Amino acid sequence: MYRTALRNVLAHKGRLLMTMLAVLLGTAFVAGTLVFSDSVGQSFKDSISSSYNSISVQVNDTYAGAGTGPKDLTGAHPKLTDADLKAVAALPGTASARGTVSGFAGLSDPHGDLIGSRGNTYGGNWVPAGDGQDPKYPMVQGTGPTGSNGLAIDRKTAADNHFAVGDTVRLAVNGPVLKMTVTGIFSTDDPQVKAGGSLVLFDTATAQSLYLQPGQYGSIEATARPGVGQDQLLAQVKPVVPHDSGITVETGTQLTADQQAAVNQDTSGMQTALLAFAGIALFVGIFLISNTFTMLIAQRTRELALMRAIGASRRQITLSVLLEALFVGVTASLLGLGVGIGLGAAMQAALGSMGSQISVSSLVVSPSTVLATLLTGVLVTMVAALLPSIRASRVAPVAAMRSNDTPASQKSLIVRNSIGLVLAGLGLAGVALGAGKSGSTGQSLVGAGAVLLLVGVFVLTPLLSRPAIALVGPLYGRLFGISGKLARQNAVRNPRRTAATASALTIGVTLISALTVIGASMNHAIAQDVTQGMKADYAVGAMLGQPVSPQLLPVIAKAPGVVAASPLDQVDLTLPHQRDLTVTGVDAGTISRLISPTMVSGSLSALGQGQILLDQEHATGGGWTLGSSVPVTYPDGSSGQLTLGGIYQNSGLMGQALMSDAALLPHVAAPYYGNVLVKGADGATPQLKQALKDATGDSPLITVQSQQDIRDQFSGQISLLLNVMYGLLGMAVLIAILGVVNTLAMSVFERKREIGMLRAIGLDRHGIKRMVRLESVVIASFGAVLGVTIGGFLAWAAVRLLSGSVGGLTTTLPYGQLAAYVVGAALVGLLAALWPARRAARLDILGSIKTD
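The structure reproduced in this document is the subject of the present report. (Residues numbered from 1 in each chain as written. Predicted model: local features only at pLDDT ≥ 70, side-chain atom pairs only at ≥ 80, totals over all residues. Heavy atoms only, no water.)

### Quick look at the packing of helix α22 (residues 765-802) against helix α23 (residues 815-832)
Phase 1: Orientation of α22 relative to α23, taken along the N-to-C sense of each, is 150°, at an axis distance of 7 Å. The angle between α22 and α23 falls in the class roughly antiparallel. Where α22 crosses over α23, the handedness of that crossing is right-handed. When α22 is examined against α23, the residues R773, S776, V777, A780, S781, A784, V785 and V788 are found in contact with a partner set consisting of L818, Y821, V822, A825, A826, G829, L830 and A832.
Phase 2: Residue composition of the contact of α22 with α23, grouped by class: 12 nonpolar, 3 polar and 1 charged. (Axes fitted to C-alpha atoms, helices over the stretch in contact; angles between N-to-C directions. Helix = DSSP H or I, 4+ residues; strand = E, 2+ residues; numbered from the N terminus. Parallel < 35°, antiparallel > 145°, perpendicular 65-115°, else oblique. Left-handed = near helix turned anticlockwise from the far one by under 90°. Contact = heavy atoms within 4.5 Å. Nonpolar A, V, L, I, M, F, W, Y, C, P; charged D, E, K, R; others polar.)

Dropping the structure here:
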């Protein structure tokens, strides 16, 4: 039986080629993902380890800096100062100590654009030792920065942007643009720089003035004397630094472990997402593999029957088919592993070409990657071939005296259809019920229902294919004559084969359609929500989540053509029962000219009286009505009672609540202005936009957006995400196309006698080609229509689940795109049939008729 299995694989290697290719593509996806994530993760870990080599203990102020971490809005937390640095340096176990300051630095390239648009450009401080050099940042050209107008740039950024010592560069943190002179160019092994970021260095006093206050540090790094362990130095450092929840003290080993754990988490998330799409591709491949073995077994009915007649048991027949699948799976998985390793290397090289300095010389191919790839490929192939192998064992010995093209029994379709109806019914009920609920309960019901629905529809596809394809019968007949009629009859002749071929395509189209509908719905809702009620002509903001500097407010308000301006200050208050409320602070005197909330009750003018306005969701949730007293706790710890002066419909622009900024500022250490709304005398004109840019010093960090610009920004983000997901689903669609090609090619071989008879009674080669192509088109179109229908329904459920968190979200069907998917599937079916149709037309008439 082993020899028989091997012989059958070799005898049918051409017909198994598409199957092997499907497994190869799926396993290559898996291997490439594992190799890439392992390699990048290891490179980051190596870089992190080297960056912490000189640090024995680090004291860190989590509230310091200009990044996106927690902010000390109350000013009550202690800071790390020169006194703390001196105290740590004076410890008996300390060999050296350095205070560090860091934050975002918006460096402009020679064209005026922001360098490091991914948010990885930042600034730090230069700390020279006794020899005038900073060992952490060795200079390769020039000298370290001195004075408030000097800075040094890392070597990679300088080379990419053609900066040289003595050049004047433009820089913005969150205030006006600074013009500074490049004093030096340095090398560094900083992980963020190696990942493609940029770093600029200032002298300590300048860095403190930009990011903190004079004499303050974000962290203190201590190096232990020889013979002093990190834990020993840690015990000495803790008593001499401030004791506060915002001050952390860790050893270099702990820092390395924490950062490596963060890298593991990041790469694990990326790996999981990519493997999910690889799993979808392999799942689609199961249909191709199963269909291939089913057709092979149908073609070898007489051979299997003869084997049974000469003594082979059912178990031996099953094992022989599974052995064939094993040979296919092992061979394809080994090839897939090789292709996947190359794919991982290509992805790593692509990362380097985008600016990352992560080493491309160390490719990590772990034993777990090899094992996972081989097991995945083999198991998928074996599982897909299991049902066909069982069917093969049920071939009776008497079948050796029958013709191979004896029609298959339809008895089992009754059981199949019954199971499919139950599963699909449960799935529909689960999705519909889950769509009406919220939270994890609704998500679980929709997720489980979607799986049951998809499985149920796949089981029912043979039943659904007959009436669906029959609908196009009259049209095919009128348009394409006898070829159209034959194509329709061939498509419904073997409903199982048609179902398996269409189902593979249905999976990809279902997912793509669902994503398209969700994306269109989110685009429509968010685009309306973020600008709904906005009367302002422009919103001035900062890139990468940075706040607008308070220093810019007066110059924006006084820019030529501006008649009204108001900052949007973000402040977090606390409601009873520890519930958070994000309040938008505005200029009560001008805000009525800039926004127009849809008021449920009350008036916007209440802001001028120191009252609070709440959106409908929070007012209802708190049980407050117009005139109610709302108890709040401010960031500085003080409490107060605010009168509810108005309730407005939920709005993404206005947020959860509105208050006068004048009432908020006494309770915060520093404002956080996310945007500044601006109204022009003549509306949104190019002149006003340029005046605002000029007023902010043409800063590379500052953005000036109209209402349409804001909508386009959000739409672009959603479109980018969708395009990435479409690309990842492309592998599944490609495997589905291979399934169509494979099924048609094997179908042509199976129907050689029939094709020969058609040729003999007068159907020419053109008619044969048209028949095969039309059969492929109708099967592909059927699968696409089924996918669009299921995808639209699942998207509706997903939109219902998301409607609670996205205001105004309703299901939006992009009919043009959905129709394009069906037309695209038909074209794919036409292209997939080119080779099988040509092969069918070239069959010898007499040789085909004599086929056994």
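### Overview of the sheet that holds strand β3 (residues 94-100)
Phase 1: Taken together, 4 strands build an open sheet; the order of strands is β3-β13-β1-β14 and the sheet is antiparallel. Bordering the open sheet on either side are β3 and β14 (247-251), each of which pairs with just one other strand. Ignoring which end each strand starts from, the neighbouring axes of this sheet average 15° apart.
Phase 2: Bridge count between β3 and strand β13 (residues 219-224): 6 bridges; the pairing is antiparallel. Bridged to T94 within β13 is A224. (Pairing = 2+ DSSP bridges.)

### Remarks on the environment of L453
Phase 1: Position of L453 among the secondary structure elements: in helix α13 (residues 439-470).
Phase 2: Residue L453 is classed as buried on the basis of its relative accessible area, which comes to 5%.
Phase 3: Taking the C-alpha atoms as reference points, L453 and L428, 25 residues apart in sequence, are found 6.1 Å from one another.
Phase 4: Residues in contact with L453, not counting those within four places in the same chain, are L423, A424, G427, L428, I790, F793 and L794. (Buried < 20%, exposed > 50% of the residue type's maximum accessible area, 1.4 Å probe, protein only.)

### With respect to the pairing of strand β10 (residues 178-186)
Phase 1: In the sheet, strand β7 (residues 139-142) pairs with β10 via 3 bridges, with the strands oriented antiparallel. Counted as the bridge partner of Q141 is I185 from β10.
Phase 2: With 5 bridges joining them, strand β8 (residues 150-154) and β10 adopt parallel strand pairing. Its bridge partner being in β10, D154 is matched across the sheet by F186.

### Some remarks on the pattern of salt bridges
Pairs can form between side chains of opposite charge whenever their charged atoms are close.
Phase 1: Under the definition given, this model contains 5 salt bridges.
Phase 2: For R98, the salt bridge identified is with D134, shortest N-O distance 2.7 Å. With R98 in strand β3 and D134 in the loop between β6 (121-126) and β7, the pair connects residues that are 36 residues apart, well separated along the chain. As far as burial versus exposure is concerned, R98 and D134 are alike and both buried. (Salt bridge = Lys/Arg side-chain N within 4 Å of Asp/Glu carboxyl O.)

### Some words on the pairing of β8
Phase 1: Within β8, 5 of the 5 residues are buried, which leaves the element mostly enclosed by the surrounding structure.
Phase 2: The alternating pattern of β8 places G150, A152 and D154 on one face and L151 and I153 on the opposite face, and all of these are buried.
Phase 3: Pairing of β8 with strand β11 (residues 198-203) involves 2 bridges; the strand directions are antiparallel. Each bridged residue has a counterpart across the sheet, and for I153 the counterpart in β11 is V200.

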